[in-house]
Amino acid sequence: MLGLIQDTGTLAQTPNEGTNFLHGLLQWLPLPEWIPDWVLVLGAVGVGVGILVGLVSVITLWSVWMERKVSGHMQCRNGPMYAGGWHGWAQTIADGIKLFQKEDMIPLGADRVLFVLSPAIVLASIFGALAALPLSYDWYFARMDLGIFTILAIGSTTTIGVIMAGWASNSKWSLYGAMREAAQVVAYEIPLGIALMVPLIALGTFSLLDASALQSGFYGMGWAIFQNPLCLPAFIIFWIAALAETKRAPFDLPEAESELVAGFLTEFSGIRWSFFFMEEYAAMFLMSVVGAVFFFGGFESPVTYALRSLGMEGTIVFSLVCFTTLVLKAFIGVFLMMWLRWTLPRVRIDQVMTMGYKYLTPLALVCVLCAAIWEAFLHLVLN
Amino acid sequence: MTSPTETSATEDEHKPSIRPADEVRILASGEREFFMDVATSDLEINMGPQHPATHGVMRVLLRTDGELVTGAQPHLGYLHRCAEKIGESVEWLQYLPYTDRYDYLSAMNNNLSYSLAVEALMPELEIPRRGTMIRMICAELNRIASHLVAFGTYGLDIGAFTPFFYAFREREWIQALFEKICGARLTYSYIRIGGVFNDTPPGWLREVADFCDVFEGKWQEYYDLLIENHIFVQRTANVGVITAEMAYDFGLTGPMLRGSGVDFDLRRDMPYLEYGQAHDAGAFGVPLGTGEKGTLGDCWDRTQVRMKEMIECLGIVRWCLEQIEPGPIIGNVPRVIKVPPGEAYVGIENPRGELGHYLHSDGGKIATRCRVRAPSFVNLAVLEDLMPGSLLADAVAIIGATDIVVGETDR
Amino acid sequence: MGILEEAFEENVLTTRVDWLLNWARLNSIWPMTFGLACCAIEMMAVGAAHHDIDRFGAGAFRATPRQADLMIVAGTVNFKMGERVKRLYDQMASPKYVIAMGACATGGGPYFKYGYTVMKGVDRIIPVDVYIAGCPPRPEALLEGLMALQDKLRRTSVIRKPARLQPSDPA
Amino acid sequence: MDFNAIAEHLSVANVPGLLSVDLPRPPDKKTKDKGRSGLPHVCVDPACMVEFLTFCRDDEALGFEVLIDLSASDPSVDDENLWILIQLLSVRHRHRLGIKSLLPKSALSMPSSTRVYRAAQWHERECMEMFGVTFEGHPDPRNMLLPDDWPGYPMRKDYEFPKEYHGISCE
């Protein structure tokens, strides 16, 4: 990752041919000549996937521990304390190893193929969506011009995995959880997509890299939220839809603890269950990063502005600073999601649907319309 | 899984199936085209003995059509502990610890009900005033603790996890108070026949007064945190509406009755101990359901009545703290109690409704009949009529609002 | 873990792996919300803020038997409930433990003599690891029972052959 | 109205089935009668209990809207009839009424009063399984608290405890 994919992050749209990626790898590794090209490409992709999976699982482990501590302190108790020293930092590792040792149970009447396949599909789709995330101007897995488009497209296939899990585990509670998941996610895909169009209108680009580059205006604070007045209501709609998309807070109906025993996860145990659990936290991180990049300036902050004015554009320090700003903003979003979960009660399924279709979608359309009008007349005002 | 025939109480007709076509087509391969009679029937789910929403071990056999509940049938008996048979086998005073274990959230009130019933059979026994005062303080503190648990677990049912922890934080303070006075946290056996077991330790009454002052502020916080929360109101208003006639017909009592706007409270209307004087001195009122957030008698009204009752209990406790003065705490009760022959039924206002004891004694050391009229058992019967027509999430909200304790339902 | 279980000699490597597996098991015992009677209220008090069981990593009360490792039988088990308890125990995933909380679950409790429907102790239908006395036991007693279970887990051997392990083996 | 006024009102309106009134009386040494303490109640013929209850509920002056409790009692082994005890409560007039009716143990059946009060349904089901009283016209005569295949009627005085149930011993 350290300069592995060496690409001059200039704004000019350099064509994204394959060799560029391979070229970077060759420069970095002193390799004998006789190794065929496809081995190199596979190696590079393998390294990329390794980095992505490693990064996401570290973030998931961290946010699971953070959720238990945050929920503890919110409830006047402190969460795990003894699992590994200071404030039980190793609690999630202990959970993971314990889940690894659990018996691998497949219920009698379950549809074995779907039951085994569903965690794989869920994880594959969430990692597919996360692959479109840039870590900094120079570190990215793929320089996609349609970044947000792929994230939304691949990200919503987790629903297939969840419905497959609900249907395959041959339990009535799981069936309820799966059906609720299908209804809820469809109801919130639409406002999510429409609400994201507002910052696209403000910034004018689909790619996440260019989007954050465009927000480096006013001493690094020229975020989309300040560029277009309609971005704030759009962010609120985006945030509500993201909560519903990731089955969090008031919308955690698919695995409603107190109604459906454990929703579509009723029959899952051990490592299979932890895949779903990992996917939920990865989806939270994904939605927070998308929110950070398109509304709150992605890599841009006064620190990056200062570094850029010092001319340290392409150095590793600049990339590290960009990465930390993005992750910090994402964790503020993740913390907000946890905060909402431990305060608000759960909404009923018909209220979820009415809010999704009747209130959020029209509101999002109005925001897009006004944002477009604002953009159209902006150049009259400015020049 | 119980066979479908068992749900005779709920109607059994299937949905109209798709009618097969009249003439049968012969396929190219020569065989007749096979039409399957596609009929959709309602799903039967066991909201079984082990379910987070059933407050213990009660099974509700739900018949649902998608999310819509079309039939409900509570099945009880998973915690039947033969309380009435034990009543006929152990002596009068030995039965007191069993009364703690019906409604284990308000053990003081259960002891009080049993003791009053026995005292009704012993007219010559006279209870000193300090004993009565301590009894009233303990009963009302236990009512607050019981309503706190009801508030906390109802938050869990609706999906808000945090109010449960705040409610239990206050409840620990009350349990500490009870621990100081009688040594137990949950099953006290403190209110005995003829008075109370031992006197209050020094400084206990001062600490009760401190609790009352602190609790008032905390109560307002809970009321705004959950009861006035917009999502909570959306989830409970207009859900599980019980009209006054329905309440009479099903024999509901306590917050269930008052939630439907019926102004009846045993402590004020048929007073026992010194509740009559407390009410005349204006120490407490009786909150009623007003239908302010939805229709009269919905789940929100019942919860709001329970919350407001906690404040009235504080009023009673403060009145008792003023009235209490040193003196004996128990009447002259022999070591082995022999109750003169006779029968009596005494019902008192428990946090969940009217808890009544019917005692029949033939003059011996052991009762010949000890009938327990449990409020949760009666309040639960209304579920069969409330649940059809509601969604699955509402069914959970309705069970939570009836605030049942299974120990008392199954006795 | 079928193949690996109790298959290896005892050497420095397997004891370290055993220690790690046991450390993971005892630090994240997930109880099942299975409250029957008065002891359930004390179990809720243990889960609540004052005596927080989440400090030991055991705060995630799972509603389904599949994801739970510890079944705290908190309350009186009568015959009608007995079959359900047995079925729930069978549904739990394999490294599972049972704590019989309170006198009723341990041996019928106050309902021993005249309780015709009460089962005299839950160990008649499922194997119990830790018994906790008291009616209802104090929350500290339940925490102490959980710690006793954790000690028991420290001494179990997942990979090493059990024959070499004497009960007096240091924890 | 206190009990005497209610009893007098009932006798004046000669309600069907009213037999006698049982008042508490102090013990007097001469006739060795140990007296009867407690609260008074009205004795009613079980056959026309439904009409009696309908009158109590619909009469303006009495106004017993709520059936508080309906249960049975087996006074002793050699007493040849069973007691059916009903408690009524009037919310309007704030008064109560206790009703007792004697049912011969040989013919333990009486009309079900669920038509008058819906609350009676569950109380009667409990009496059916505990005492063996059959209520004709009961909509749902299943076992209430006991398992469906429970032998005998536990609350009878002559009931002896079962030795084992479904293979689990009760000792």
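Cut-off values and rules
- Residues numbered from 1 in each chain as written.
- Chains lettered and ligands numbered in written order.
- Predicted model: local features only at pLDDT ≥ 70, side-chain atom pairs only at ≥ 80, totals over all residues.
- Heavy atoms only, no water.
- Helix = DSSP H or I, 4+ residues; strand = E, 2+ residues; numbered from the N terminus.
- Rg over C-alpha atoms; globule rule 2.2 N^0.38 Å.
- Buried < 20%, exposed > 50% of the residue type's maximum accessible area, 1.4 Å probe, protein only.
- Contact = heavy atoms within 4.5 Å.
- Buried area = accessible area lost by both parts, 1.4 Å probe.
- Salt bridge = Lys/Arg side-chain N within 4 Å of Asp/Glu carboxyl O.
- Polar contact = N/O pair within 3.5 Å; in protein donor to acceptor, adjacent residues only side chain to side chain.
- Nonpolar A, V, L, I, M, F, W, Y, C, P; charged D, E, K, R; others polar.
- Core = buried A, V, L, I, M, F, W, Y, C linked by side-chain atoms within 4.5 Å.
- Axes fitted to C-alpha atoms, helices over the stretch in contact; angles between N-to-C directions.
- Parallel < 35°, antiparallel > 145°, perpendicular 65-115°, else oblique.
- Left-handed = near helix turned anticlockwise from the far one by under 90°.
- 1 Å grid on protein atoms, 1.4 Å probe; cavity = no way out; pocket = protein on both sides within 12 Å on 5 of 7 lines; lining within 4 Å.
- Points joined across faces, edges and corners; volume = space filled by probe spheres on them.

Enquirer: I keep staring at the overall build of chain C and nothing clicks. Help me out?
Expert: Helix and strand counts for chain C stand at 5 helices and 3 strands. The secondary structure elements of chain C, listed N-terminal to C-terminal, are α-α-β-α-β-α-β-α. For 171 residues, the compact-globule estimate of 2.2 N^0.38 gives 16 Å, and chain C sits close to it at 17 Å. By its C-alpha atoms, chain C is 55 × 35 × 30 Å across when sized along the principal axes. In chain C, buried positions account for 60% of the 171 residues. Restricting to contacts in chain C with at least 6 residues of sequence separation, those with at least 24 account for 78%.

Enquirer: Whenever I open this one, the interface of chain B and chain D confuses me. Can you help?
Expert: Between chain B and chain D, the contact holds 50 residues from the first and 47 residues from the second. Here chain B meets chain D over a buried area of about 4,000 Å², counting both sides, of which 56% is carbon and sulfur. Between the two partners, chain B and chain D, sit 8 salt bridges. Residues Asp 385 of chain B and Arg 118 of chain D are paired through a salt bridge, measuring 3.2 Å at the closest nitrogen-oxygen approach. The interface formed by chain B and chain D includes 18 residue pairs in polar contact (both at pLDDT 80 or more). Here the element with the most residues in the side of chain B that touches chain D is strand 6 (residues 342–350) of chain B; it accounts for 5 residues. Here the side of chain B that touches chain D is composed, by residue class, of 20 nonpolar, 12 polar and 18 charged.

Enquirer: Even after reading the chapter, I still don't get the nonpolar core, so can you show me in this structure?
Expert: Grouped burial of nonpolar side chains is what soluble globular proteins tend to show. With 228 residues, the main nonpolar core has Trp 92, Tyr 95 and Tyr 190 of chain B, Met 71 and Val 73 of chain C together with Leu 88 and Leu 97 of chain D as its most contacted residues. Of the residues forming this core, the biggest block, 14 residues, is contributed by helix 4 (residues 129–158) of chain B. Setting aside residues no more than four positions away along its own chain, Leu 97 of chain D makes contact with Phe 3, Ile 6, Leu 10, Val 42, Phe 52, Cys 56, Phe 64, Ile 86, Gln 87 and Leu 88 of chain D. Ala 224, Ala 234, Val 321 and Ala 364 of chain A belong to the second largest nonpolar core, which has 86 residues in total.

Enquirer: I would appreciate a short explanation of the packing of helix 4 of chain B against helix 12 (residues 299–323) of chain B in the present structure.
Expert: Each pair of packed helices gets described by two things: the angle between the helix axes and the distance between those axes. Residue and element names in this part refer to chain B. Where helix 4 meets helix 12, the axes come as close as 9 Å, and the angle between the chain directions of the two elements is 155°. Taken together, helix 4 and helix 12 sit at an angle that is classed as roughly antiparallel. In the crossing of helix 4 with helix 12, the sense of the turn from one axis to the other is left-handed. Partitioned by chemical class, the residues of the contact of helix 4 with helix 12 number 18 nonpolar, 3 polar and 5 charged.

Enquirer: Looking at this structure, I do not really get the layout of surface pockets. What am I missing?
Expert: Where empty space is left becomes clear once a probe the size of a water molecule has been rolled over the atoms. Computed from the structure, the second largest pocket encloses a volume of approximately 1,200 Å³. Along the wall of the second largest pocket there are 44 residues; nearest its centre are Asn 46 and Gly 48 of chain B together with Arg 84, Arg 87 and Gln 91 of chain C. Considering each element in turn, the lining of the second largest pocket owes the most residues, 6 residues, to helix 3 (residues 79–91) of chain C. The class makeup of the residues in the lining of the second largest pocket is 16 nonpolar, 14 polar and 14 charged.

Enquirer: Help me out: how do you make sense of the pattern of salt bridges in this one?
Expert: Oppositely charged side chains may form a pair once their charged atoms are brought near each other. According to the stated counting rule, one finds 71 salt bridges over all chains in the structure shown. Asp 69 of chain D serves as the salt-bridge partner of Arg 371 of chain B, at 2.9 Å between the closest nitrogen and oxygen. Here Arg 371 of chain B is found in strand 8 (residues 369–373), whereas its partner Asp 69 of chain D is found in strand 4 (residues 66–73) on a different chain. In this structure, Arg 371 of chain B and Asp 69 of chain D share a single accessibility class: buried. The closest approach of N and O atoms between Glu 83 of chain C and Arg 84 of chain C, which form a salt bridge, is 3.1 Å. Note on Glu 83 of chain C: relative accessible area 39%, which makes it partly exposed. Residue Arg 84 of chain C is classed as buried on the basis of its relative accessible area, which comes to 18%. If you follow the salt bridges from partner to partner, you end up with Glu 140, Arg 143, Arg 258, Asp 265, Arg 267, Glu 309 and Glu 349 of chain B in one network.

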